[in-house]
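# Observations on the model geometry
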Amino acid sequence: AGGAVTATGDWTVNRNWTYTSGTFTWNNHSVVLATTTAAQIRGSASFYGLRCTVPGKVLSFENNSVQTVSGVLDLEGGSTGSLLTLNGIGILGWSINSTVGIPTLAYLNVSYGNVSSSSSANLTALTSYDAGSNNTKSYTRNWIFDPTTILWKTTATSSTWDTGSNWQYGYVPNVTDSVTVPTG
């Protein structure tokens, strides 16, 4: 059985988030996923704000869950190979329903993600890796992985293209990215 909760400030979550039932009144406050510990997001929930700006963190979303965000969507990893990973728990995928005007989405590694048709726009992830199986549902909105120019590291550990650590941002370029390979 669910109850009613009214937020009086942002909620800092150090591990997992599970929603089964009840009513949340967010009062313009966010859930902040704040530690480097991997976290599972279970159930479909509505948030005013959902934030995670922890480089290298892994967020795993439950199969067929829909996370609705109406105010602040801020998901950012690190720019030097410490991407924030957003993936699904299972092959059915997870979805975001975002009515946020301009979400902040950068340095992400996204798989099994969908953008609900109820979202106000596509979600554009800057300098991010499309890890596959995204946009698999018949929604009218999608994840867009903004084309980026990625530099091959002069300190590459091997000559293998498919090794993420050989690249500036720690991931193998997407098909839409441009690459720069220095001479020498």
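Residues numbered from 1 in each chain as written. Predicted model: local features only at pLDDT ≥ 70, side-chain atom pairs only at ≥ 80, totals over all residues. Heavy atoms only, no water.

Further remarks concern the side chain of T85. In this structure, T85 sits in strand β10 (residues 84-89). Overall, the relative accessible area of 16% leaves T85 in the buried class. Not counting residues within four places of it along the chain, the set of residues in contact with T85 comprises K57, V58, L59 and N109. (Helix = DSSP H or I, 4+ residues; strand = E, 2+ residues; numbered from the N terminus. Buried < 20%, exposed > 50% of the residue type's maximum accessible area, 1.4 Å probe, protein only. Contact = heavy atoms within 4.5 Å.)

Okay, the packing of aromatic side chains next. What describes a pair of aromatic rings is the distance from one ring centre to the other and the angle between the planes of the rings. In the structure shown here, the tally under the stated rule is 17 aromatic pairs. Their ring planes at 75° and their centres at 5.8 Å tell us that W11 and F24 sit as a pair that is edge-to-face. On the criterion of sequence distance, the pair formed by W11 in strand β2 (residues 11-13) and F24 in strand β4 (residues 23-25) is long-range, its members being 13 residues apart. Given the relative accessible area of 26%, F24 is considered partly exposed. Consider the rings of W152 and W167, whose centres lie 4.9 Å apart with planes at 85°: the pair is edge-to-face. Of the two residues, W152 sits in the loop between β18 (149-151) and β19 (178-180) while W167 sits in the loop between β18 and β19, which places them 15 residues apart along the sequence. For W152, a relative accessible area of 14% gives the class buried. Ring pairs connect the aromatic residues W11, W17, Y19, F24, W26 and F47, which therefore count as one cluster. (Phe/Tyr/Trp six-rings, centres within 6.5 Å; stacked < 30°, edge-to-face > 60°.)

Turning to the pattern of salt bridges, a few remarks are in order. Applying the stated rule across the entire model yields 1 salt bridge. The partner of E62 in a salt bridge is R42, with the nearest N and O atoms 3.6 Å apart. Highlighted residues: E62 in strand β8 (residues 58-62) and R42 in strand β6 (residues 39-42), separated in sequence by 20 residues. A relative accessible area of 28% places R42 in the partly exposed class. (Salt bridge = Lys/Arg side-chain N within 4 Å of Asp/Glu carboxyl O.)

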